[in-house]
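Coordinates in review
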Amino acid sequence: MASRRRLKKTIQFASGELMEDVLFKTLLAKKDITEKTDKILVDIAHLNGEFTKRAGKPDAKENPVLVKKYYKKLYEDWNKEIEKIIKEIEKA
């Protein structure tokens, strides 16, 4: 990612899209929002907050190599969490 600002916006956009998918799926299935759906929405909100916060505060700001590793790890963690949530959405 070119900047922290862009990374934060990407995280927020992806979180919004996931929430939209969950709500759309419940509306198309003509179901009420259940506890499972509500839990998924809370997980997405938590994911958004956690990774937005982590994106703004890299470790070792003085060392570009460590910063690059930090953001690479952040991206990998974010992808893993997104995949878990997508699997939960498919099961719901």
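Residues numbered from 1 in each chain as written. Predicted model: local features only at pLDDT ≥ 70, side-chain atom pairs only at ≥ 80, totals over all residues. Heavy atoms only, no water.

1. Let's talk about the packing of aromatic side chains
Rule in force here: Side-chain rings of Phe, Tyr and Trp, where Trp is taken by its six-membered ring, are said to pair if the distance between their centres is within 6.5 Å; with planes under 30 degrees apart they count as stacked, over 60 as edge-to-face, and otherwise as tilted. Secondary structure elements follow DSSP: runs of H or I no shorter than four residues count as helices, runs of E no shorter than two count as strands, and numbering proceeds from the N terminus. Throughout, exposure labels follow a simple rule: accessible area from a 1.4 Å probe, protein chains only, divided by the maximum for the residue type, with under 20% read as buried, over 50% as exposed, and the rest as partly exposed.
As enumerated under the stated definition, the model contains two aromatic pairs in all. Relative to Tyr71, the ring of Tyr70 lies with its centre 5.4 Å away and its plane at 80°, an arrangement referred to as edge-to-face. Pairing Tyr75 with Trp78 gives two aromatic rings, centres 6.2 Å apart and planes at 50°, and the pair type is tilted. Of this pair, Tyr75 and Trp78 both sit in helix 3 (residues 64–91), separated by three residues, roughly a single helical turn. The buried category is assigned to Trp78, whose relative accessible area is 8%.

2. Focus: the packing of helix 2 (residues 35–56) against helix 3
As a reminder of what qualifies: In this analysis an axis means a line fitted to C-alpha atoms, helices contributing only their contacting stretch, and an angle means the value between N-to-C directions, from 0 to 180 degrees. What sets the label is the angle itself: under 35 degrees gives roughly parallel, over 145 gives roughly antiparallel, 65 to 115 gives roughly perpendicular, and the rest give oblique. Any two residues whose heavy atoms approach within 4.5 Å are treated as being in contact.
Closest axis-to-axis distance for the helix 2/helix 3 pair is 11 Å, and the angle between their directions is 170°. The orientation of helix 2 with respect to helix 3, classified from their angle, is roughly antiparallel. Seen from helix 2, the contacting residues are Lys36, Lys39, Ile40, Asp43, Ile44, Leu47, Phe51, Arg54 and Ala55; seen from helix 3, they are Tyr70, Tyr71, Lys73, Leu74, Asp77, Trp78, Glu81, Ile82, Ile85, Glu88, Ile89 and Lys91.

3. A closer look at the packing of helix 1 (residues 4–28) against helix 2
For the record, the criterion: Basically, the charged four are Asp, Glu, Lys and Arg, the nonpolar ten are Ala, Val, Leu, Ile, Met, Phe, Trp, Tyr, Cys and Pro, and anything else, Gly included, counts as polar.
Packing of helix 1 against helix 2 brings their axes to within 9 Å, and their N-to-C directions diverge by 175°. Between helix 1 and helix 2, the crossing angle belongs to the class labelled roughly antiparallel. Seen from helix 1, the contacting residues are Arg4, Leu7, Lys8, Ile11, Gln12, Ser15, Leu18, Met19, Val22, Leu23 and Thr26; seen from helix 2, they are Thr37, Ile40, Leu41, Ile44, Ala45, Leu47, Asn48, Phe51, Thr52, Ala55 and Gly56. For the contact of helix 1 with helix 2, the class distribution of residues is 13 nonpolar, seven polar and two charged.

4. Things to note about helix 3
Applied cut-off: For a helix, the expected span equals 1.5 Å multiplied by the number of residues minus one. Under the rule applied, a polar contact is a pair of N or O atoms within 3.5 Å (in protein, one hydrogen donor and one hydrogen acceptor; residues adjacent in sequence only if both atoms are side-chain atoms).
Given a rise of 1.5 Å per residue, 28 residues ought to cover 40 Å, and the 41 Å separating the end C-alpha atoms of helix 3 matches this to within 8%. If you check which residues of helix 3 are buried, you get Val67, Tyr70, Leu74, Asp77, Trp78, Ile82, Ile85 and Ile89. Among the structural elements, helix 1 and helix 2 are those in contact with the buried residues of helix 3. For helix 3, the N-terminal cap is Asn63; the gap from its side-chain oxygen to the backbone nitrogen of Val65 is 3.1 Å.

The quantities given are spatial measurements derived from coordinates; they are silent on function.
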